[in-house]
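This is what each chain is made of:
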Amino acid sequence: MARTRVIVHVAEPFDFARRNGGSEELAGWTAQASPAYADWVIHLDQPAHFDDDETFDKVRISSRYAGEVVAKVLEGFGFTAINISWPRVDEDGRHYWHYGMVGSVRLEPEPR
């Protein structure tokens, strides 16, 4: 499956940039860039930090508003509002996606 490059902009929490080298943006790729997938998993180019002890290298994005789809970004709509989750493991060892950020996603511009 082809990889699509995207940039995820984190709008909340407001101090995300402070924990991540001054940037609110996460660059990465997904193989799920299609209307067939309601949620996309983005594999980050560099790990991101949420708290002092929490680092992750992928996020799951889903539509922020009812009736919208993440794939709208493929149709040239620019930024698409999203919910952002990252992987965690609970005390019983179960893996899950923890929702804790909101933002937007856009296609990464082609290199010139």
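Residues numbered from 1 in each chain as written. Predicted model: local features only at pLDDT ≥ 70, side-chain atom pairs only at ≥ 80, totals over all residues. Heavy atoms only, no water.

S.K.: Explain the layout of surface pockets to me, please; I cannot follow it from the model alone.
M.R.: In this approach, a probe sized like a water molecule rolls over the atoms, and the result shows the empty space that is left. Considered as a void within the structure, the largest pocket measures approximately 180 Å³ in volume. Lining the largest pocket are Phe16, Asn20, Ser23, Glu25, Leu26, Ala27, Asp45, Gln46 and Pro47. Residue assignment for the lining of the largest pocket shows that the elements contributing at least two residues are β2 (25-30) and β3 (40-49). Its residues assigned to classes, the lining of the largest pocket comprises four nonpolar, three polar and two charged. (1 Å grid on protein atoms, 1.4 Å probe; cavity = no way out; pocket = protein on both sides within 12 Å on 5 of 7 lines; lining within 4 Å. Points joined across faces, edges and corners; volume = space filled by probe spheres on them. Helix = DSSP H or I, 4+ residues; strand = E, 2+ residues; numbered from the N terminus. Nonpolar A, V, L, I, M, F, W, Y, C, P; charged D, E, K, R; others polar.)

S.K.: Would you mind going over the sheet that holds β2 with me for this structure?
M.R.: Hydrogen bonds between backbone atoms are what pair the strands of a sheet, whose relative direction is either parallel or antiparallel. Taken in spatial order, the six strands line up as β1-β2-β3-β4-β5-β6 and close into a barrel, and their pairing is antiparallel. Pairwise comparison of adjacent strand axes, ignoring direction, gives a mean angle of 45° for this sheet. As judged from the two bridges shared by β2 and β3, these two strands associate in the antiparallel manner. Bridge pairing in β3 links Trp29 to His43. (Pairing = 2+ DSSP bridges. Axes fitted to C-alpha atoms, helices over the stretch in contact; angles between N-to-C directions.)

S.K.: Whenever I open this one, the pairing of strand β1 (residues 4-12) confuses me. Can you help?
M.R.: Side chains on a regular strand alternate between the two faces of the sheet. Looking at chain direction, β1 and β2 are connected through six bridges and run antiparallel. Counted as the bridge partner of Thr4 is Thr30 from β2. Direction of pairing for β1 relative to strand β6 (residues 95-107): antiparallel, over a ladder of six bridges. Along β6, the bridge assignment pairs Val8 with Val105.

S.K.: Help me out: how do you make sense of the environment of Pro35 in this one?
M.R.: Within the secondary structure layout, Pro35 lies in the loop between β2 and β3. For Pro35, a relative accessible area of 70% puts it in the exposed group. Distance in space between the C-alpha atoms of Pro35 and Arg5 is 16 Å, their sequence separation being 30 residues. (Buried < 20%, exposed > 50% of the residue type's maximum accessible area, 1.4 Å probe, protein only.)

S.K.: Please explain the pattern of salt bridges as it appears in this structure.
M.R.: Any two side chains of opposite charge can pair, given that their charged atoms come close. Taken as a whole and judged by the stated rule, the model has 10 salt bridges. For the salt bridge of Asp15 with Arg18, the shortest nitrogen-to-oxygen distance reads 3.0 Å. You can call Asp15 buried: its relative accessible area is 16%. Taking relative accessible area as the criterion, Arg18 reaches 62% and is therefore assigned exposed. Linked by salt bridges that have partners in common, Arg5, Asp45 and Glu108 make up one network. (Salt bridge = Lys/Arg side-chain N within 4 Å of Asp/Glu carboxyl O.)

S.K.: Sorry, what's going on with unusual backbone geometry here?
M.R.: In this model, Glu12 is joined to Pro13 through a cis peptide bond whose omega is 15°. The topology assignment puts Pro13 in the loop between β1 and α1 (16-19).

S.K.: Which parts of the structure should I look at to understand the environment of Asp51?
M.R.: Relative to the helices and strands, Asp51 is located in the loop between β3 and β4 (55-63). It is 9.1 Å that separates the C-alpha atoms of Asp51 and Phe16, two residues lying 35 residues apart in sequence.

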